Amino acid sequence: MLRNYSAPLVAVLLASCASLPRNRGNDEFNALLDDRQSVALAGTAAEREAAFADARERLGRPLRLDDAVAIALARSPEVQRQLGELGLAYADLVEASRLSNPTLSISALDPDREGERARVSLAIVQSFTDLIMLRSRSALARGELASAQQSAVRGIQSLIADVTEDYFALVGAQQVAQMRGLVALAARNAAALAERFYAAGNLPALDINLLQAEAVDAEIELDEATADAVAARHALAIRIGLDAGDTFEVADSLPVPVPTEDGLDRSIELAYASRVDLTAARRHAEVLARALGVTRRFRWLGEFEVGYEVERESDGSKLRGPSVSLQLPIFHQNQATVARAQARVDLAEAEAMALERGIGHEVRAAHAALDAARRRAERHRTDLVPLREKVVACTQERVNFMLVSQFDLIEAKRAEFDAYQGYLESLRDYWLARSNLSAAIGRALPSDADIVDDAGVAATVLPDAPAGMERGGHDMGAMNGPATDDAHAGHDMGAMETSAASDPHAGHDMGAMETGQGVATCKPRSAPTPKDADEMETDDPEEHEGHQP
């Protein structure tokens, strides 16, 4: 009797199991990633060793952003976690695509009368419910695998976004720490100069105390900036999967902003098309909806088992034949199972709808933050920094005419350095904002193709020598001579002329920072000609108070 059913059973089984994903679904997973985010799903020890060797080679040179991403994809535990989740989903698919194993039962009963043989029965039973629902269960598991693949891709994209953010944070923190070092050096020089003026009787005790306090504040800020840079370095090392003893370097400076940002409408359109977590949420809702249909269709079907039994009686005769076990839907008809499946569909659809609406707001907020960060960086670059440079140049002229003291020049120079630091921080915030927008969209921004990044080093406003304060116009070496009553004694006033050599931007591509005048001068931005020395001398007599003519 069972012989008549064996062929259809085998056909159903083979049809259900013949199309399992090749390579455990890893090919489909990699197809969802773009070229920059491809993950080496190494199946052999040689492939894994090749990935680690590539990471070691990248660590031997200053890391660019793409290097940091590649190392993270090869070594980060987060990648292994995502692949582990993907492996669980594949295991669920394999399990759902197979029939449950048949049950074999054997019993031997001894008779209570002498001379009779033991009664032996042998039965093999297979759940027929599994066979009926095999196709549906396999299709649902396949949908769950696809959803897991998309969720894993989103996890990889989140890792890349985090690496990008940590990378820019580290480069920016290092630049800020360098700038704080220059500011601290300037404050120390100002305090040292004040001590000589105080010793010569040309500076009251209040002024020297103020300058010394400013020097201590600058040292404290330098310590804080250095600690922030160290913390940023360890954060990036952890993110990309480095060991505690691994050393690495990053680029010296951040790239300049791209010429043109991507439009808001285009960004929102890309987000809805690229966010794999939205696709996964929608697919999950669809899978649960199909599962609900299957549950409703077979709600009357309980446990249905088909078997074959052979029994040997005590007198030696044998009985054999099929057996059927059917659960009768008398007390319930799986109403709770149907209700539970419906609730899961409702929850999944609500989550997908909330995610879809949230993506629109997320992209809009990230785009607005990027616009604001770009404006701040541009205002620093085109307005604040050039103006501070002009203030230094103008103060230099007034020092040359002995209208103001060297301390006024030092203060102007410190304010200029603060403007540089503000630009560096705004540039760092700009790239962090771009990283956040890229994460909100779920892919690299189209304008990334316009990034100018020459080996990871681009134009910045950071002075290229730590003695920038001295190069601002003071010959500090000449200050080692004997103090005199002359406030300007011991200073090389000729060296205080503003020149290309004393420009803190020397050696950097400042084309983006220039306002058309080359080296900063005292000329106002809107005035055709500067005032001459006599006009400056009579224009504000209070400026000369406390200074020797």
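Conventions and cut-offs
Note that residues are indexed from 1 along each chain, following the sequence as it is written. The predicted nature of this model means local features are confined to residues of pLDDT at least 70 and side-chain atom pairs, given and counted, to a pLDDT of 80 or more, with totals for whole chains, interfaces and linings taken over all residues. Based on all heavy atoms of the structure, the side-chain values leave hydrogens and waters out of the count. Confidence of the predictor at the level of single residues is given by pLDDT, which spans 0 to 100. Two residues qualify as a contact provided that any one of their heavy atoms is within 4.5 Å of a heavy atom in the partner residue. Any two strands with at least two DSSP bridges between them are considered paired. Helix and strand labels come from DSSP, where a helix needs a run of H or I of at least four residues and a strand needs a run of E of at least two; each type is numbered from the N terminus. Only the contacting stretch of a helix is used when fitting its axis, a line to C-alpha atoms as for every element, and angles between N-to-C directions run 0 to 180 degrees. Between 65 and 115 degrees an angle is taken as roughly perpendicular, under 35 as roughly parallel, over 145 as roughly antiparallel, and anywhere else as oblique. Left-handed describes a crossing in which the near helix is turned anticlockwise from the far one by less than a right angle; the clockwise case is right-handed. Gly counts as polar in this scheme, as do all residues outside two lists: the nonpolar Ala, Val, Leu, Ile, Met, Phe, Trp, Tyr, Cys and Pro, and the charged Asp, Glu, Lys and Arg. We define a nonpolar core as any set of buried Ala, Val, Leu, Ile, Met, Phe, Trp, Tyr and Cys residues linked to one another through side-chain atoms lying within 4.5 Å. Per-residue accessibility, obtained with a 1.4 Å probe over protein chains only, is compared with the maximum for each type, and a residue is labelled buried under 20%, exposed over 50%, and partly exposed between these values. By definition here, a helix of n residues has an expected span of 1.5 Å times n minus one.

A. How the structure looks around the confidence of the model for the chain. The predicted model of the chain has a mean per-residue pLDDT of 75, with 72% of residues at 70 or higher. Every residue in residues 1–18 scores below 50 in pLDDT, and together they form 15 contacts with partners more than four places removed in sequence or on other chains. Under a pLDDT of 50 for its full length, residues 527–549 has, in the predicted model, 25 contacts with residues more than four places off or in other chains.

B. Representation of the pairing of strand β3 (residues 304–312) within the structure. Pairing between strand β2 (residues 119–127) and β3: eight bridges, direction antiparallel. For Gln-126, the partnering residue across the bridge sits in β3 and is Val-306. Where β3 lies against strand β4 (residues 318–326), nine bridges are found, and the strand directions are antiparallel. Bridge pairing in β4 places Gly-307 opposite Ser-323.

C. Seen up close, the sheet that holds β2. On the basis of which strands lie adjacent, the open sheet formed by four strands has the order β1-β2-β3-β4 and antiparallel pairing. Only two strands of the sheet have a single partner each, and these edge strands are β1 (103–109) and β4. When strand polarity is set aside, the average angle formed by the axes of neighbouring strands in this sheet is 15°.

D. Up close: the packing of helix α7 (residues 134–199) against helix α8 (residues 205–239). Two numbers describe how α7 lies on α8: the axes approach to 7 Å, and their chain directions differ by 160°. If you check the angle between α7 and α8, you find them roughly antiparallel. Of the two elements, α7 crosses α8, and the hand of that crossing is left-handed. Looking at the contact of α7 with α8, its residues break down into 26 nonpolar, four polar and 11 charged.

E. The nonpolar core, seen in detail. By size, the foremost hydrophobic cluster in this structure holds 66 residues, and its most contacted members are Val-163, Tyr-167, Leu-236, Ile-240, Phe-248, Val-250 and Val-363. Secondary structure elements with two or more residues in this core: α3 (45–59), α4 (65–75), α7, α8, α9 (264–274), α11 (335–400) and α12 (406–441). When residues of this core are assigned to their parent elements, the largest contribution, 17 residues, is made by α7. Leu-193, Ile-208, Leu-211 and Ile-410 belong to the second-largest nonpolar core, a separate cluster that totals nine residues.

F. Broad picture of α8. Over its 35 residues, α8 extends 51 Å from the first C-alpha to the last, a length consistent with the 51 Å expected when each residue adds 1.5 Å. Buried residues in α8 make contact with α7 and α12. Phi turns positive, to about 85°, at Gly-241, one or two residues after α8.

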